[in-house]
Amino acid sequence: MTETEFTPRVFSGIQPSGNLHLGNYLGALKRFAEWQERGTETIYCMVDLHAITVWQDPADLRRSTRELCAGFIASGIDPEKSILINQSQVPEHAQLAWVFNCVARMGWMGRMTQWKDKTAGKNAEAASLGLFAYPSLMAADILVYHATHVPVGEDQKQHLELTRDIATKFNHDYGVDFFPLTEPVIEGAATRVMSLRDGSKKMSKSDPSDASRINLTDDADTIAKKIRKAKTDPEPLPSEAKGLEDRPEARNLVNIFAALNNQTVDQVLADFGGRAFSEFKPALADLAVAQLAPVSTEMSRLMDNQDEIDRILTRGAERAREITAPILKKTYEIIGMVGPVEL
């Protein structure tokens with residue numbers, strides 16, 4: 001068996017759960033736009049099939065899917081340069097997921113941290129089968145494109161390891177080198193953005209305090225106000241990154257500045273070390289407004305033109321299936337399915 005050369009291809013997806021915030025932007029959307037400009041083929045997905053592992057109001061799901069698409073585009077994703085899709089319009093995702101359900105082992109799924117976290121202290125038997133098996137669908141999302149790289153946050157590394165396990169087992173079981181061992185890509189200063197009210201907690205749309213997050217739909221005044229009121233400590237900023245180790249709120253704000261300004265933490269501290277938050281916060285507020293207010297404005301424009309969003313997603317699905325249909329067809333051939341013939 002010779003080693004296959006796979007075309008470099010980036011895939012990543014976000015669940016359309018509504019209320020996009022700064023963590024989504026810095027941890028995903030901004031990075032996706034940067035990958036798009038590196039010359040590698042990029043495919044970005046609204047994973048609406050994943051969303052229904054828990055019940056969704058249909059109207060809310062449609063709105064959230066379109067809002068997420070608007071967020072992708074407003075953050076710099078060009079649907080002519082990248083393939084931009086919602087998962088349910090590309091049926092090969094679900095079809096390959098069934099094959100992978102038969103490759104993956106129950107024990108693998110039961111050990112997934114997110115499954116254990118979501119069912120801890122609850123009746124796991126009341127959870128949907130989809131919630132248990134969705135890492136298999138995630139593997140299919142990636143491998144149906146033969147994606148070689150996936151930009152992910154730290155909390156998704158385990159899912160990429162499972163994807164590699166499934167690819168390895170499939171290749172071994174059928175004596176092929178058909179699916180690539182996809183590499184996770186974790187980079188930059190703010191892969192994990194924390195709450196503006198508690199630096200020990202991840203920024204989340206579910207936090208009851210709206211002041212804990214910057215929403216991508218916030219206007220310039222709201223963004224600046226939230227930065228000014230963000231929790232800090234009384235000490236000035238250190239001159240080196242190690243001085244932030246026991247200062248979660250300070251570390252979070254410095255990380256946000258670094259990510260928004262395409263700097264390292266050390267570069268930010270070289271400029272602001274020894275200065276008080278009364279000086280740093282206004283600079284961060286100005287930077288955040290400059291970066292995020294245009295995103296908010298463009299999202300609003302797109303949400304007022306939902307037919308445009310739907311056309312973009314329809315065209316994206318057509319382009320995606322040019323890749324996914326042949327890969328699924330070959331997968332079926334490998335495992336022994338009888339396919340259609342010309343009559």
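Along each chain, numbering runs from 1 in the same order as the chain's sequence is written. With pLDDT at 70 or above as the cut-off, local features in this predicted model cover only qualifying residues; side-chain atom pairs require 80 or more to be listed or tallied, and sums for whole chains, interfaces and linings still use all residues. Here the side-chain values reflect all heavy atoms present in the structure, with hydrogen atoms and water set aside.

Peer 1: Is there a simple way to think about the overall build of the chain in this case?
Peer 2: Secondary structure elements are defined from DSSP: runs of H or I of at least 4 residues count as helices, runs of E of at least 2 residues count as strands, and each element is numbered from the N terminus. In terms of helices and strands, the chain carries 13 helices and 5 strands. Overall, the C-alpha framework of the chain stretches about 75 × 45 × 45 Å when taken along its three principal axes. Buried, partly exposed and exposed residues are distinguished by accessible area as a fraction of the type maximum, computed with a 1.4 Å probe on protein chains only: under 20%, between the cut-offs, and over 50%, respectively. With 343 residues in all, the chain has 48% of them scored as buried. By the convention used here, residues are in contact when the closest approach between their heavy atoms is within 4.5 Å. Taking contacts inside the chain between residues at least 6 apart in sequence as the whole, the part at least 24 apart equals 77%.

Peer 1: Where do I start with empty space enclosed by the protein in this structure?
Peer 2: Space left empty within the atom packing is revealed by a probe, the size of a water molecule, rolled over the atoms. Using only the protein atoms, space was sampled on a 1 Å grid; points where a 1.4 Å probe fits but cannot get out form cavities, open sets with protein on both sides within 12 Å along at least five of seven lines form pockets, and lining residues are those with an atom within 4 Å of a point. Grid points are joined across faces, edges and corners, and a volume is the space filled by probe spheres set on the points. All told, the structure shown has 2 cavities of 30 Å³ or more when counted by the stated rule. Around the second largest cavity, the lining residues are Gln15, Pro16, Ser17, Gly18, Leu20, Ser64, Glu67 and Leu68. The nonpolar class holds Ala, Val, Leu, Ile, Met, Phe, Trp, Tyr, Cys and Pro. Asp, Glu, Lys and Arg form the charged class, and all remaining residues, Gly among them, are polar. Across the lining of the second largest cavity, the residue classes break down as 3 nonpolar, 4 polar and 1 charged.

Peer 1: What is the right way to look at helix H8 (residues 157–174) in this model?
Peer 2: For a helix, the expected span equals 1.5 Å multiplied by the number of residues minus one. Between its terminal C-alpha atoms H8 stretches 26 Å, which fits the 26 Å expected from 18 residues at 1.5 Å a residue. Within H8, the full set of buried residues consists of His159, Leu160, Leu162, Thr163, Ile166, Ala167, Phe170 and Asn171. Along the long axis of H8, the arc covered by the buried residues comes to 170 degrees, so they all point the same way. Looking one or two residues beyond H8, the residue adopting positive phi is glycine 175, at roughly 65 degrees. The reported arc concerns the directions from the helix axis to the C-beta atoms and nothing else.

Peer 1: Any chance you could explain the packing of aromatic side chains here in plain terms?
Peer 2: The description of an aromatic ring pair uses the distance of the two centres, along with the angle that the planes make with each other. Stacked, edge-to-face and tilted are the three classes for Phe, Tyr and Trp ring pairs, Trp counted by its six-membered ring, which pair at centre distances within 6.5 Å; planes under 30 degrees apart are stacked, over 60 edge-to-face, the rest tilted. On inspection of all chains with the given rule, the structure shows 13 aromatic pairs. Ring centres of phenylalanine 32 and tyrosine 44 lie 4.5 Å apart, and the angle between their planes is 10 degrees; on these two criteria the pair is classed as stacked. Here the residue phenylalanine 32 occupies a position in helix H1 (residues 22–36), and tyrosine 44 occupies one in strand E2 (residues 41–46), the gap between them amounting to 12 residues. In this pair, the class of phenylalanine 32 matches that of tyrosine 44, namely buried.

Peer 1: Looking at this structure, how should I read the environment of aspartate 165?
Peer 2: With respect to the helices and strands, the residue aspartate 165 is situated in helix H8. Taking the relative accessible area as the measure of exposure, aspartate 165 reaches 40% and is therefore partly exposed. Each C-alpha atom, one on aspartate 165 and one on valine 103, is 9.6 Å from the other, the two residues being 62 residues apart in sequence.

Peer 1: Honestly, the packing of helix H3 (residues 58–74) against helix H12 (residues 277–303) in this entry has me stumped. Any pointers?
Peer 2: Geometrically, a packed helix pair is captured by the angle between its two axes and the distance between the axes. To get an axis, fit a line to the C-alpha atoms, keeping to the stretch in contact for a helix; angles then go from 0 to 180 degrees between the N-to-C directions. Direction vectors running N to C along H3 and H12 enclose 135 degrees, while the axes themselves pass 9 Å from each other. Viewed along their axes, H3 and H12 adopt a mutual orientation that is oblique. Of the two elements, H3 crosses H12, and the hand of that crossing is right-handed. Of the residues in H12, those in contact with Arg63, Arg66, Glu67, Ala70, Gly71, Ile73 and Ala74 of H3 are Val295, Glu298, Met299, Leu302 and Met303. Of the residues belonging to the contact of H3 with H12, the class tally is 7 nonpolar, 1 polar and 4 charged. Should an angle lie under 35 degrees it is considered roughly parallel, over 145 roughly antiparallel, and from 65 to 115 roughly perpendicular; all remaining angles are considered oblique. The handedness criterion is simple: a crossing whose near helix is rotated anticlockwise from the far helix by less than a right angle is left-handed, and one whose near helix is rotated clockwise is right-handed.

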